[in-house]
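# Structural overview for review
Here is how the chains run, residue by residue.
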2 protein chains.
Amino acid sequence: MEEDSGNTHTRFLRMAIALAREGMASGAGGPFGALVVRDGEILARGVNRVTTWLDPTAHAEIVAIREACDRLGHWQLEGCILYTSCEPCPMCLGAIYWARPSGVWFAATRVDAARAGFDDELIYRELPLAPEARAIPMTYIHLEEARALWEDWEAKPDKIMY
Amino acid sequence: MEEDSGNTHTRFLRMAIALAREGMASGAGGPFGALVVRDGEILARGVNRVTTWLDPTAHAEIVAIREACDRLGHWQLEGCILYTSCEPCPMCLGAIYWARPSGVWFAATRVDAARAGFDDELIYRELPLAPEARAIPMTYIHLEEARALWEDWEAKPDKIMY
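Residues numbered from 1 in each chain as written. Chains lettered and ligands numbered in written order. Predicted model: local features only at pLDDT ≥ 70, side-chain atom pairs only at ≥ 80, totals over all residues. Heavy atoms only, no water.

## Some details on the sheet that holds strand β2 (residues 41-47) of chain B
Here we have 5 strands laid out as an open sheet, ordered β5(A)-β4(B)-β3(B)-β1(B)-β2(B), and mixed in their pairing. If you trace the sheet from one side to the other, it starts and ends with β5 (138-140) of chain A together with β2 of chain B, each paired once. Each strand of the sheet is rotated relative to its neighbour by a mean of 20°, with strand direction disregarded. Across 6 bridges, strand β1 (residues 33-38) of chain B lies against β2(B) in antiparallel orientation. Each residue of the ladder has a partner; that of Ala34(B), found in β2(B), is Gly46(B). Contacting β1, β2, β3 (80-84) and β4 (103-106) of chain B, helix α1 (residues 8-26) of chain B runs over the sheet at an angle of about 145° to β1(B). (Pairing = 2+ DSSP bridges. Helix = DSSP H or I, 4+ residues; strand = E, 2+ residues; numbered from the N terminus. Axes fitted to C-alpha atoms, helices over the stretch in contact; angles between N-to-C directions. Contact = heavy atoms within 4.5 Å.)

Printed below as a string of structure tokens:
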């Protein structure tokens, strides 16, 4: 989609980019910023903090999703929109599906990220592979205890699904 | 792989399942547990805490990865192994690629998780789709500010890659 300056989505995307720039300038981490917005109100702001928080999961989107959920007191972002300076990586996409906002807007693509050395593409290529065929070897061992655990979860009367 | 009781991997997987069972029994969240181990030493333990921490990203693997990184003082898990009671979901797989442990072992599969209502499969199906074709609509707007941000990141002399 071409630039449509002036509309609400573009305004929030510009704020996400400004956050990314602040995070980059302050040395917080990579050049990524994200906002969670509901009914025009900003619920949470996130910047990438991987290298300062020493947390590989501290991508801007994850930071913003966690803060927004904390603010809403729920693990779901129903009715919220996520604005992010760059197309989310597969980890953040997974987090988005678990948080279930109503939409996502982004202002740069995985191609821009890849050009700067962020290897989201590797993860996209790896996910469809069989676990044992991945670059990080993943091995399944069938254990009876795991089967019993799942049976007990399914029978648990007070379980909370998410 | 069939059960090979007695070996090290099986022992740690049984511990991950025991953690999952404790988490389930205490009401922490879903029936998932994970350990990060390096050179036979347990660096971190995680259980699913989505519904108690009100954090959709608080899967057992993410909790364990964050704690292990905190303990190691680095955003990478070089030389570490992740043991998890169940095959990681796409979000956790993404986190694993960013954390880069040397291997992953698991004791139940996505089929077991899906049977109990955890919809990892939806996320696997959605990730390869074009952003605008996904169940959660994702929209790209090209903004000049985003392009400028990436140029400045690439030119930044003191950037730290991860």
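## Observations regarding the pairing of β1(B)
Of all 6 residues in β1(B), 5 are buried, a share of seventy percent or more. Connecting the antiparallel pair β1(B) and β2(B) is a turn made up of 2 residues, with Asp39(B) showing a positive phi of about 50°. (Buried < 20%, exposed > 50% of the residue type's maximum accessible area, 1.4 Å probe, protein only.)

## A word on the interface of chain B and chain A
Counting residues at the interface gives 92 residues for chain B, matched by 92 residues for chain A. For the chain B face of the interface with chain A, the top three residues by lost area are Tyr97(B), Trp98(B) and Trp150(B), together amounting to 10%. At the boundary of chain B and chain A, one finds 6 salt bridges. Across the pair Asp55(B) and Arg66(A) runs a salt bridge, and its minimum N-O distance is 2.7 Å. Viewed at the interface, chain A and chain B are joined by 20 residue pairs in polar contact (both at pLDDT 80 or more). For the side of chain B that touches chain A, a count of residues per class yields 53 nonpolar, 17 polar and 22 charged. (Buried area = accessible area lost by both parts, 1.4 Å probe. Salt bridge = Lys/Arg side-chain N within 4 Å of Asp/Glu carboxyl O. Polar contact = N/O pair within 3.5 Å; in protein donor to acceptor, adjacent residues only side chain to side chain. Nonpolar A, V, L, I, M, F, W, Y, C, P; charged D, E, K, R; others polar.)

## Some points on the relation of the copies chain B and chain A
In this arrangement, two copies of a chain are superimposed by a rotation about an axis accompanied by a shift along the axis. For the pair chain B and chain A, the relating rotation is 180°, the translation along its axis is 0.0 Å, and the fit reaches an RMSD of 0.0 Å. What the rotation and shift describe, once combined, is the action of a two-fold rotation axis. When C-alpha distances to the rotation axis are compared across chain B, the minimum falls at Met91(B), with a value of 2.1 Å. Here 100% of the interface residues in chain B have copies in chain A that are interface residues too; the copies meet face to matching face. (Least-squares fit on C-alpha atoms with pLDDT ≥ 70 in both.)

## Focus: the pattern of salt bridges
All names here are of chain B. Counted under the stated rule, the structure contains 20 salt bridges over all chains. Between Asp-158 and Lys-156 there is a salt bridge, and its shortest N-O distance comes to 3.2 Å. Note on Asp-158: relative accessible area 53%, which makes it exposed. A residue is classified by how much of its surface remains accessible, and Lys-156, at 17% relative accessible area, is buried.

## Quick notes on the sheet that holds strand β1 (residues 33-38) of chain A
The strand order across the open sheet formed by 5 strands is β2(A)-β1(A)-β3(A)-β4(A)-β5(B), and the pairing between neighbours is mixed. Each end of this open sheet is capped by a strand with a single partner; those strands are β2 (41-47) of chain A together with β5 (138-140) of chain B. This sheet shows a mean twist of 20° between the axes of neighbouring strands, independent of strand direction. Sheet topology note: the strand β4 (residues 103-106) of chain A/β5(B) ladder contains 3 bridges and is parallel. Along β5(B), the bridge assignment pairs Trp105(A) with Thr139(B). Running at roughly 140° to β2(A), helix α3 (residues 60-72) of chain A makes contact with β1, β2 and β3 (80-84) of chain A of the sheet.

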